[in-house]
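Per-entry structural report
The chain contents come next:
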Amino acid sequence: MASSGEEQAAAAVRVIGGWASHYAIRVYVALKLKGVEYEFLQEVVGNKSELLLKSNPVHKKIPVLLHHGKPIAESMVILQYIDEVWASDGAPAILPADPYARSVERFWAQYVDDKISPASVVLRGVINGDKNEAAAQVYTALQHLEEAFVKCSQGKSYFGGDNIGFLDIVLGSHLGWLKAAEEIAGVKVLDESKFPELTAWADRFYAHHAVREVMPETDKLVQFNKHLINVLKAKGMFRSHV
């Protein structure tokens, strides 16, 4: 355990994460939207830190938000925590005020992680699987999300309306790895001719000030993916999820 002096010396807000982790990217974007300064603690792939294991002993995974030393785990839980804690000072809301609208965004956010996350790691070759089936799963998910965007945005720029919201952050965090997966697998999933609303939304999301600095470049993700596979092979975990 850190001493009280060490805790006071640490930043009030710290994020245990990884520059390439789409789950962690969500936290960086949310904090930047709220204008919250934070300290980034980079985890090394294949070598989990004592701080991570202590802070998230159940799942032992990034990201973890440390707020005055108190750990909050799981990216969607962290997003909601950030929205509630930094709800004033003119910061934009991440979740809508209307309970029904909140439930809709939570539904689609979970759908994104249930469908796109597992298909992405197959397309990237991180786990074995049928790449054609994985591409079809992503395509079907994007079809549903194209329709969801029209309903949620109501003609505005983002799923959250005029500003980036919960679903924008969750889906947007996958964009970098989807582009990398397309390059790695030699497939095209986010096709402008098939998903005009989503591709236009993706361009706006990438250009947003809260996203530009934290979204990794595609070529760096492709190189990181090779490194990740090598680490998993060395540890005998090649068939495991990231």
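Here is what the cut-offs are and how they apply
Residues numbered from 1 in each chain as written. Predicted model: local features only at pLDDT ≥ 70, side-chain atom pairs only at ≥ 80, totals over all residues. Heavy atoms only, no water. UniProt positions renumbered as here; feature names shortened; annotations may be inferred. Helix = DSSP H or I, 4+ residues; strand = E, 2+ residues; numbered from the N terminus. Rg over C-alpha atoms; globule rule 2.2 N^0.38 Å. Buried < 20%, exposed > 50% of the residue type's maximum accessible area, 1.4 Å probe, protein only. Contact = heavy atoms within 4.5 Å. Lys, Arg positive; Asp, Glu negative; His and termini not counted. Charge placed at Lys NZ, Arg CZ, Asp CG, Glu CD. Axes fitted to C-alpha atoms, helices over the stretch in contact; angles between N-to-C directions. Parallel < 35°, antiparallel > 145°, perpendicular 65-115°, else oblique. Left-handed = near helix turned anticlockwise from the far one by under 90°. Nonpolar A, V, L, I, M, F, W, Y, C, P; charged D, E, K, R; others polar. Salt bridge = Lys/Arg side-chain N within 4 Å of Asp/Glu carboxyl O.

Within an unreviewed UniProt entry, the label attached to the protein chain reads glutathione transferase, and the organism entered is Urochloa decumbens. Quoted verbatim from the Sequence similarities (unreviewed entry) field of UniProt, the annotation for the protein chain is "Belongs to the GST superfamily. Tau family." As recorded by UniProt, the Catalytic activity (unreviewed entry) comment attached to the protein chain reads in full: "RX + glutathione = an S-substituted glutathione + a halide anion + H(+)".

We now examine the overall build of the protein chain. Each helix and strand in the protein chain was counted, giving 11 helices and four strands. Taking 242 residues into account, the globule formula puts the C-alpha radius of gyration at 18 Å, and the protein chain, at 18 Å, falls close to it. Among the 242 residues that make up the protein chain, the fraction classed as buried is 48%. Across the protein chain, contacts joining residues at least 24 apart in sequence account for 68% of those joining residues at least 6 apart. On the protein chain, the mean spot of the 26 positive side-chain charges and the mean spot of the 29 negative ones are 5 Å from each other.

The subject of this paragraph is the UniProt feature "domain: GST C-terminal" (unreviewed entry) in the protein chain. Here the UniProt-annotated "domain: GST C-terminal" (unreviewed entry) positions come out as residues 98–228. Segment residues 98–228 splits into 71% helix and 0% strand. End C-alpha atoms: 41 Å apart.

Turning our attention to the packing of helix H8 (residues 175–185) against helix H11 (residues 218–234). The contact between H8 and H11 brings their axes to 9 Å, and the two run at 70°. In this view, H8 runs roughly perpendicular relative to H11, as classed from their interaxial angle. Crossing geometry of H8 relative to H11 is assigned as right-handed. The segment H8 lies against H11, with Gly176, Trp177, Lys179, Ala180, Glu183 and Ile184 engaging Thr218, Leu221, Val222, Phe224 and Asn225.

So, about the environment of Glu217. Here Glu217 is to be found in the loop between helix H10 (209–212) and H11. Accessibility expressed as a relative area gives 47% for Glu217, which makes it partly exposed.

Another point: the packing of helix H5 (residues 99–123) against helix H6 (residues 131–153). Two numbers describe how H5 lies on H6: the axes approach to 9 Å, and their chain directions differ by 155°. Accordingly, the angle class assigned to the pair H5 and H6 is roughly antiparallel. Note that H5 runs across H6; the crossing there is left-handed. Between H5 and H6, the contacting residues are Val104, Trp108, Tyr111, Val112, Asp114, Lys115, Ile116, Pro118, Ala119, Val122 and Leu123 on the first element and Lys131, Ala134, Ala135, Gln137, Val138, Thr140, Ala141, Leu142, His144, Leu145, Ala148 and Cys152 on the second. Taken together, the residues of the contact of H5 with H6 break down into 17 nonpolar, three polar and three charged.

Once that is clear, we can look at H8. Among the residues making up H8, those that are buried are Leu175, Gly176, Trp177, Leu178, Ala180, Ala181 and Glu182. Turning to H8, the residues buried within the fold contact helix H2 (22–34), H5, H6, helix H7 (166–172), helix H9 (196–207) and H11. Just beyond H8, the residue with positive phi is Gly186, at close to 70°.

Before going further, it helps to examine the UniProt feature "domain: GST N-terminal" (unreviewed entry) in the protein chain. Per the UniProt record, "domain: GST N-terminal" (unreviewed entry) is found at residues 11–90. In residues 11–90, helix accounts for 38% and strand for 21%; the two terminal C-alpha atoms are 23 Å from one another.

This structure, assessed with the given rule, holds six salt bridges. The partner of Arg26 in a salt bridge is Asp113, and the shortest N-O contact between them spans 2.6 Å. Of the two residues, Arg26 is situated in helix H2 and Asp113 in helix H5; the sequence distance between them amounts to 87 residues. Taking the relative accessible area as the measure of exposure, Arg26 reaches 0% and is therefore buried. Classification of Asp113 by relative accessible area gives buried; the value is 13%. The residue Lys32 makes a salt bridge to Glu213 at a minimum N-O spacing of 3.3 Å. Of this pair, Lys32 sits in helix H2 while Glu213 is found in the loop between H10 and H11, placing the two residues 181 residues apart along the sequence.

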